[in-house]
Amino acid sequence: MTMKEKYALTDEGVRNVRLGAAWTTVTNLVVFAGVGFVFAIMSALVARLTGGAVTLGPWGRLGFDPLDVPVLGWMAVLAVYLVMLFVCERFQYYYQYGVIYKESGRQRIALAERLRRLPLSFFGRRDLADLTETLMTDVKTTEHAYSHVLPELYGAYATMAIAFACLLAFDWRLAVASMWSGPVALLLLFGVRSRLQPLMRKTRMAGLKTSELVQEALECVREVRATNQEERYLERVYRSVDAAERSAIRSELACGVAVNGAQVVLRLGFATTLLVGAALVLEGTCDFLTLFCFLLVVSRIYAPFDQALMLIAELFSARTASARMKSFFEEPMAAGGAAYAPNGHDVAFEHVGFAYEEGGEQVLSDVSFIAREGEVTALVGPSGSGKSTCARLGCRLWDASSGRVTVGGVDVSTVDPEVLLGDFSVVFQDVTLFDDTVMENIRLGRRGATDEEVLAAARAANCDEFVSRMPDGYATMIGENGACISGGERQRISIARALLKDAPIVLLDEATASLDVENETRVQSALSRLLAGKTVIVIAHRMRTVRAADKIVVLEGGRVAEQGMPAELLAANGLFARMVRLQTESEGWTI
Ligand SMILES: Nc1ncnc2c1ncn2[C@@H]1O[C@H](COP(=O)(O)OP(=O)(O)OP(=O)(O)O)[C@@H](O)[C@H]1O
């Protein structure tokens, strides 16, 4: 697998990790060069103090006595060395830490862009907490791995290889005695990886489950309190936290044992250098200063590797995170081209079948009807009969499993969902509001609309009445998902958005359900302005709302039970007539 695939990096990210590793290697080598200076002075000193009994070691072979260099000369060398070290560390820092935030920024944007284009079926399968964790925690985990682990690790590999080659030139026996432990420590760690990764994945999933539970508790706090379920809910959260803690301890212990084991093996290299070196010195085949040089280098060379070993465990867990991120990119996107030239805006369902999950329960079967331009088509039927599902397929929030949905004769599955949605104004049952001002929440209907246009739409949707009671009018922040706004007010904001968009096809899902009678009348008049001349599909339970429709499609169990004009259906005395009768009776009820 390439680095790009393994760590879900972009091309630029791979380039930066490589540069980071290169500068880490150069910095490590410059640091070793410092050890070389110490060795040079020390060896010359020992040679002088022992009256030449101990030779100059490798320097001697080069015929160079470092103590012959004047102090000022050494000071100059030191100054140049410090400048070199500074420059190397600056580049290492830049490529290791500086550019990485751009990479994780790019990743977050790529993920968000992907999410935007994924079909809604994907969101049905993935939990919200799970998606948030990937966008936030997984990106952060990989960000840390890219900055702190990858360049360090690859830099350590390269440094060890270069150092080994240099040491081989000095004395191959001591080189082998000192460097064997690096690859063995690595092999050990990678050998246990297949055991560590499942533990890490389990810990990740346990943590995720806890976040899901906490998020659910926060989202459902009203229901939990209303049903007196706090203790039961907390009990579940505690159990989940305990399980996550146990899993984390197990995984940390396993990692700790593996990493410390590898570090101990790495340090054995120092002992073998000393033992082999002592034997060679006593045997007379190696001089003392060469051994001293090896011991100095070995004491330094393990430092970056030691650090890398500690971080490898993090790399293993980053692989889990990058695999989760990669899974986003492997999801098939909602296909479709930008070319879209419908002939009018009739919305036609042709033998449409649909299930929310592949192989799952069939929610719609052989549904065929046409919602004509300039007419109001009402979808009615018992709860769960598939009315909202039809509306979702109409604007391609989901794709039909069989049959096809067309707009103006164009199969919607061939059109880019964003382009298609440009032709739809949608007012859903559950209105989503953003933590922004009322004005901006309405402007969502049409980006770029002027304040005057927004205000006109708001007035037409009867928003003025409640907005004028707000402290800053249309500039009032409405809190997360409009926490301080009532159901009816939310719907009016949603209708204002639809009015502002003024698209040729309008989908109204229970649009006036949360309104009192007075407001409903006002909103209905606003709606009639919105609906004039458009293709309108209304979903409503209340027969009063649909009495004025041009056509009624009655769904039952995901099939079209009957369709036609209201008067025809009443005369046919079928399901629609029964629903009308039942509602008329219930309207007469008193408590
Ligand atoms: N996102 C979803 N994932 C899986 N099943 C779903 C989903 N949304 C709806 N369903 C199922 O599809 C069926 C039809 O639901 P739909 O919301 O279309 O019915 P409806 O007629 O609009 O109901 P209501 O009048 O109660 O809103 C139901 O059995 C419902 O449980």
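Residues numbered from 1 in each chain as written. Predicted model: local features only at pLDDT ≥ 70, side-chain atom pairs only at ≥ 80, totals over all residues.

If you look the chain up in an unreviewed UniProt entry, it shows as ABC transporter ATP-binding protein from [Collinsella] massiliensis. The UniProt entry for the chain carries this comment under Subcellular location (unreviewed entry): "Cell inner membrane". Of the comments in the UniProt record for the chain, the one headed Sequence similarities (unreviewed entry) reads "Belongs to the ABC transporter superfamily. Siderophore-Fe(3+) uptake transporter (SIUT) (TC 3.A.1.21) family." (UniProt positions renumbered as here; feature names shortened; annotations may be inferred.)

**Q** Please clarify how the overall build of the chain should be interpreted in this entry.
**A** Along the chain, the regular secondary structure elements total 23 helices and ten strands. Among the 591 residues that make up the chain, the fraction classed as buried is 35%. Residue pairs in contact within the chain that sit at least 24 positions apart in sequence constitute 77% of those at least 6 positions apart. (Helix = DSSP H or I, 4+ residues; strand = E, 2+ residues; numbered from the N terminus. Buried ≥ 20, exposed ≤ 12 C-beta atoms within 10 Å, placed from the backbone. Contact = placed C-beta atoms within 7 Å.)

**Q** What exactly am I supposed to notice about the environment of A400 here?
**A** By secondary structure assignment, the location of A400 is in the loop between α14 (387-394) and β4 (402-407). In this structure A400 comes out as buried when scored by C-beta crowding, with 23 C-beta atoms within 10 Å. Between the C-alpha atom of A400 and that of C390, which follows or precedes it by ten residues, the distance is 9.4 Å. Ignoring any residue separated from it by four or fewer positions in sequence, one finds A400 in contact with V352, G353, F354, L393 and V405.

**Q** I keep staring at the environment of E357 and nothing clicks. Help me out?
**A** Examined against the element boundaries, E357 turns out to sit in the loop between β1 (347-355) and β2 (362-371). Sequence separation between E357 and S401 is 44 residues, and the spatial gap between their C-alpha atoms is 9.6 Å.

**Q** Where do I start with the site of the ligand in this structure?
**A** Close to the ligand lie eleven residues, the nearest being Y356, S383, K387, S388 and T389. Residue contributions to the shell around the ligand peak at three residues, all from α14. (Near = placed C-beta within 6 Å.)

**Q** I would appreciate a short explanation of the environment of W398 in the present structure.
**A** Within the secondary structure, W398 is located in the loop between α14 and β4. Spatially, the C-alpha atoms of W398 and S121 are 6.7 Å apart, while their sequence positions differ by 277 residues. With near-sequence residues (within four places) excluded, W398 lies in contact with P119, L120, S121, R392 and L393.

**Q** Quick question: what am I supposed to make of the packing of helix α2 (residues 11-49) against helix α7 (residues 128-170) here?
**A** For any two helices packed against each other, the geometry is given by the interaxial angle and the distance between the axes. Where α2 meets α7, the axes come as close as 7 Å, and the angle between the chain directions of the two elements is 50°. When the axis of α2 is compared with that of α7, the two are oblique. Of the two elements, α2 crosses α7, and the hand of that crossing is right-handed. Within the contact between the two elements, α2 uses G13, V17, G20, A21, T24, T25, N28, L29 and F32 and α7 uses Y146, L150, P151, E152, Y154, G155, A158, T159, I162 and A163. Here the residues of the contact of α2 with α7 sort into eleven nonpolar, seven polar and one charged. (Axes fitted to C-alpha atoms, helices over the stretch in contact; angles between N-to-C directions. Parallel < 35°, antiparallel > 145°, perpendicular 65-115°, else oblique. Left-handed = near helix turned anticlockwise from the far one by under 90°. Nonpolar A, V, L, I, M, F, W, Y, C, P; charged D, E, K, R; others polar.)

**Q** What is the right way to read the nonpolar core from this model?
**A** Note on soluble globular proteins: their nonpolar side chains tend to be buried together. With 69 residues, the main nonpolar core has A378, A457, A458, A496, L499, V538 and I552 as its most contacted residues. The leading source of residues in this core is helix α19 (residues 487-501), at six residues. There are two domains that each give this core at least three residues, and those are domain 2 (347-423 + 503-587) and domain 3 (434-497). Apart from residues no more than four positions distant in its own chain, I552 is found in contact with A378, V380, V546, Q563, G564, P566, L569 and F576. (Core = buried A, V, L, I, M, F, W, Y, C linked by C-beta atoms within 7 Å. Domains from an automatic or database assignment.)

**Q** What am I meant to see in the sheet that holds strand β3 (residues 376-380) here?
**A** Picture the strands of a sheet paired through backbone hydrogen bonds; they go either parallel or antiparallel. Taking strand neighbours across the sheet as the criterion, the six strands line up as β6-β7-β8-β3-β9-β10 in an open arrangement whose pairing is mixed. Edge strands, defined here as strands with exactly one partner in the open sheet, are β6 (424-427) and β10 (559-564). Strand after strand, the sheet turns through a mean of 15° between neighbouring axes, direction not considered. In terms of strand pairing, β6 meets strand β7 (residues 505-509) through four bridges, oriented parallel. Paired with V426 across the two strands is L507, which belongs to β7. The strands touched by α14 within the sheet are β3, β7, β8 (535-539) and β9 (551-556), with β8 carrying the most contacts at an inclination of about 150°. Where α19 meets the sheet, it contacts β6 and β7, and its direction lies at approximately 170° from that of β6. (Pairing = 2+ DSSP bridges.)

**Q** How should the packing of helix α8 (residues 172-179) against helix α12 (residues 230-283) be read in this particular structure?
**A** Contact geometry for α8 and α12: axes closest at 7 Å, N-to-C directions at 155°. Classified by the interaxial angle, the pair formed by α8 and α12 is roughly antiparallel. Only G269, T272, T273, V276, G277 and L280 of α12 make contact with α8, whose side of the interface consists of R173, L174, A177, S178 and M179. Taken together, the residues of the contact of α8 with α12 sort by class into five nonpolar, five polar and one charged.

**Q** When you look at unusual backbone geometry in this model, what are you seeing that I'm missing?
**A** Peptide bonds are trans in most cases, and residues, glycine excluded, mostly fall at negative phi. Look at N462: it is not a glycine, yet its phi comes out positive at around 70°. On the secondary structure map, N462 appears in the loop between α17 (451-460) and α18 (464-467). Of the residues examined, N462 has 23 C-beta atoms within 10 Å and is grouped as buried. A positive phi angle is found at N573, which is not glycine, with a value near 55°. Here N573 falls in the exposed class, since 10 other C-beta atoms lie within 10 Å of it.

**Q** When you look at the pairing of β10 in this model, what are you seeing that I'm missing?
**A** In regular strands, side chains alternate between the two faces of the sheet. Here β9 runs beside β10; their pairing, made up of five bridges, is antiparallel. Following the sheet pairing, V553 is matched in β10 by Q563. Linkage of β9 to β10, two consecutive antiparallel strands, is achieved through a turn of two residues, within which G557 is found at a positive phi near 55°.

**Q** Help me out: how do you make sense of the UniProt feature "transmembrane region" (unreviewed entry) in the chain in this one?
**A** UniProt marks residues 21-49, 69-88, 153-170, 176-196 and 264-282 with the feature "transmembrane region" (unreviewed entry), using the numbering shown here. End C-alpha atoms of residues 21-49 are separated by 42 Å, and the span's content is 100% helix alongside 0% strand. Within the segment residues 176-196, helix and strand shares are 90% and 0% respectively, and the terminal C-alpha atoms sit 30 Å apart.

**Q** Mind showing me how you'd approach the confidence of the model for the chain here?
**A** Caution applies to low-pLDDT regions: their predicted coordinates should not be interpreted in detail. Chain-level statistics for the chain give a pLDDT mean of 84 and a share of 94% at 70 or above. The ipTM, which scores confidence in the relative placement of chains, is 0.97 for this predicted complex, and the corresponding pTM is 0.67. (pLDDT = per-residue confidence, 0-100.)

**Q** Is there a simple way to think about helix α9 (residues 181-191) in this case?
**A** In an α-helix there are 3.6 residues to a turn, and that puts residues three or four apart on one side. For α9, the set of buried residues is S181, G182, A185, L186 and L189. One side of α9 carries all its buried residues, which in axial view fall inside an arc of 135°. Within α9, the exposed residues directed more than 90 degrees away from the buried face are L187 and G191. Where α9 is buried, its residues contact α7, α8, α10 (193-219), α12 and α13 (288-330). (Arc of directions from axis to C-beta.)

**Q** Honestly, the sheet that holds β4 in this entry has me stumped. Any pointers?
**A** Strand order across the open sheet formed by four strands is β2-β1-β4-β5, with antiparallel pairing between neighbours. Two strands close off the open sheet at either side, each with one partner strand: β2 and β5 (410-411). The sheet contact formed by β4 and β5 spans two bridges and is antiparallel. Paired with V407 across the strands is V410, a residue of β5. α14 contacts β1, β2 and β4 of the sheet and is inclined by roughly 115° relative to β1.

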